[in-house]
Amino acid sequence: MSTLLDLALPVARLLDPETAHGLAIRALSALPARPAPVDDPRLAVEAFGMRFPNPVGLAAGFDKEAEVPDAMLGAGFGFVEVGTITPRPQPGNARPRNFRLAEDRGVINRYGFNSGGHAPAAARLAGRKGHGRPCAGIVGVNVGANKDSVDRAADYVAGISAFAGLACYFTANVSSPNTPGLRDLQEEHALDDLLARVMEARDRVAPQVPLLLKIAPDLALAHLDGVVEVARRRRIDGLIVSNTTIARPATLRSPFKAETGGLSGRPLFPLSTRMLAEVYVRAEGAFPLVGVGGIDSPETAIAKLEAGASLIQLYSALVYEGLGLVPRIKQGLLDRLVGEGVALPALTGRRARDLVASPFPA
């Protein structure tokens, strides 16, 4: 499957990015189902009370509507996160809203939580063979709030209720830069209220399902202190570090570099990896971390683990590298483990303190 799709990449790059993405989803939906490949047991990760066959996950944003989670598991991902899904359907922001920064191996998007709503996504997940827990193939559900919601915390609570029994884990996305005011939920008092309500809902309707929080890379370190403190106090199960950035590194060359939206891909790697290390040091082992942002090679995957991640996720790199990137990363991880004679957990966080002591990325 990955070979066919990778051969189509040059053609896809001639199309508008959103059109190309839609065609990829259709193609994946049409392909015959195939089981996930059997991974080397040395790649398995125990986290959040689950056993992940390998640490390489698909980040939210690729499969927004929960249309192809099993196809992506079949492509070799150790877990797949669908969404972001809002309670009610909404169109998101006006097109064009997705831009390839080919010169920089990056992407800028301003989708704005375009979503078909909870009901159709829940129906698709309910139709999966072996859906829900215990999870034969790990599929997480990333939930968010409608743009016009008057009580955004209630929207997250609704997401927990809608996907109880269907999600292997939940992610509360409070860090997209493309819904006005959403990142305000990362302010300490707002976050404390949100997590109190969402955790209560989770404990009531899906007590065994882990709840993760996805945060922005643009937090000031003093602000990050408060986010991690609230997450620890509310006993959240883990943090995903990080979402896209509103920053624009001076090194960007693409003519699209000034477009409004969240920047992802290779230019996000230095900032997201530094913030991952900052969270790792502050969390002190209270919960596992998922590292996201700029992973496009075995080397960058290993760097995320060394900065503090137990699991990693990627998405933007698929635009440039194709699905063949997944087995390359897994083989690179195995080669490193064999070369050093260590187990996978030995990589997690071993360079975090060195990173936080280094100059902050420009």
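### Regarding helix 8 (residues 221-233)
Along an α-helix, residues three or four positions apart point the same way, because every turn accommodates 3.6 residues.
No. 1: The end-to-end C-alpha distance of helix 8 is 18 Å, a good match for the 18 Å that 13 residues give at a rise of 1.5 Å each.
No. 2: Taken as a whole, helix 8 has its buried residues at Leu224, Gly226, Val227, Val228, Val230 and Ala231.
No. 3: In this fold, the buried residues of helix 8 make contact with helix 7 (188-205), strand 9 (211-215), strand 10 (238-241) and helix 9 (269-283).
No. 4: Looking at the residues trailing helix 8, positive phi occurs at Arg235, about 55°.

### Remarks on the side chain of Glu18
No. 1: Within the secondary structure, Glu18 sits in helix 3 (residues 17-30).
No. 2: Judged by relative accessible area, Glu18 falls into the buried class, the value being 14%.
No. 3: If near-sequence neighbours (up to four positions away) are discounted, Glu18 is found in contact with Arg95, Arg97, Asn98 and Tyr111.

### A short note on the layout of surface pockets
No. 1: One number sums up the size of the second largest pocket: a volume of about 490 Å³.
No. 2: What lines the second largest pocket is a set of 24 residues, and nearest its centre among them are Ala33, Pro69, Asp70, Ala71 and Arg128.
No. 3: The set of elements that each furnish at least two residues to the lining of the second largest pocket consists of helix 3 and helix 4 (69-74).
No. 4: The leading source of residues in the lining of the second largest pocket is helix 4, at five residues.
No. 5: Among the residues making up the lining of the second largest pocket, the classes are represented as 13 nonpolar, five polar and six charged.

Calculation rules
- Residues numbered from 1 in each chain as written.
- Predicted model: local features only at pLDDT ≥ 70, side-chain atom pairs only at ≥ 80, totals over all residues.
- Heavy atoms only, no water.
- Helix = DSSP H or I, 4+ residues; strand = E, 2+ residues; numbered from the N terminus.
- Expected span 1.5 Å × (residues − 1).
- Buried < 20%, exposed > 50% of the residue type's maximum accessible area, 1.4 Å probe, protein only.
- Contact = heavy atoms within 4.5 Å.
- 1 Å grid on protein atoms, 1.4 Å probe; cavity = no way out; pocket = protein on both sides within 12 Å on 5 of 7 lines; lining within 4 Å.
- Points joined across faces, edges and corners; volume = space filled by probe spheres on them.
- Nonpolar A, V, L, I, M, F, W, Y, C, P; charged D, E, K, R; others polar.

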